[in-house]
Amino acid sequence: GERGNYRFYYWNDTADHLETAERADNQGVKPQTGTGWGVGLSADWHAEGKGFFLRASRANEDVYDTEWFFSGGVVLEQPLKLRRKNSIGVGASALVPSDGAAVEWHMETYYRIELRENVLLIPNLQVVLNPQGNGDPVLAGGVRLRVSF
């Protein structure tokens, strides 16, 4: 059958945060501050060897550099029938800056290999386009070894 989790969340941080447009290097002037808050929606579900997720959130643009965040992805269990516990996943996210700069995009893919019952090897590849709204693309690869006991 199909299993899923669906969540709505809200956070409120009453500590003073520097507003994003304020400079903190002028010691003679007290910078403007604001309250940190945000809301979000999250959904994930699993059915018949496939998993999916979607996320969206919005934060106070006066104090956080990222006003909107969106992400989604899919996981396919047993993509090669010979390897029962393996899976492959692909995900993407977008960070929408509060200052109107260009959107930052993240993409990731991984392949989870079960070496033994409690040992997983997980190579991955990540790409970041337009980091911090104006940078050159970033490409990073990695390998995780997960041992559970």
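Placed above this text is the structure.
Structural notes, computed from the coordinates.

Cut-offs used in this document
- Residues numbered from 1 in each chain as written.
- Predicted model: local features only at pLDDT ≥ 70, side-chain atom pairs only at ≥ 80, totals over all residues.
- Heavy atoms only, no water.
- Salt bridge = Lys/Arg side-chain N within 4 Å of Asp/Glu carboxyl O.
- Buried < 20%, exposed > 50% of the residue type's maximum accessible area, 1.4 Å probe, protein only.
- Phe/Tyr/Trp six-rings, centres within 6.5 Å; stacked < 30°, edge-to-face > 60°.

## Observations concerning the pattern of salt bridges
Taken as a whole and assessed by the stated rule, the structure comprises 5 salt bridges. For Glu 61, the salt bridge goes to Arg 58, with nearest N and O atoms at 2.8 Å. The exposure class of Glu 61 is partly exposed, given its relative accessible area of 26%. Through salt bridges that share partners, Arg 7, Asp 44 and Arg 55 make up one connected network.

## What to know about the packing of aromatic side chains
Per the counting criterion, the structure on display carries 4 aromatic pairs. Aromatic pair Tyr 9 and Trp 11: ring centres 6.2 Å apart, planes at 20 degrees, arrangement stacked. Using a relative accessible area of 30% as the deciding quantity, one classes Trp 11 as partly exposed. Within the aromatic cluster, the residues linked to one another by ring pairs are Tyr 6, Trp 45 and Phe 52.

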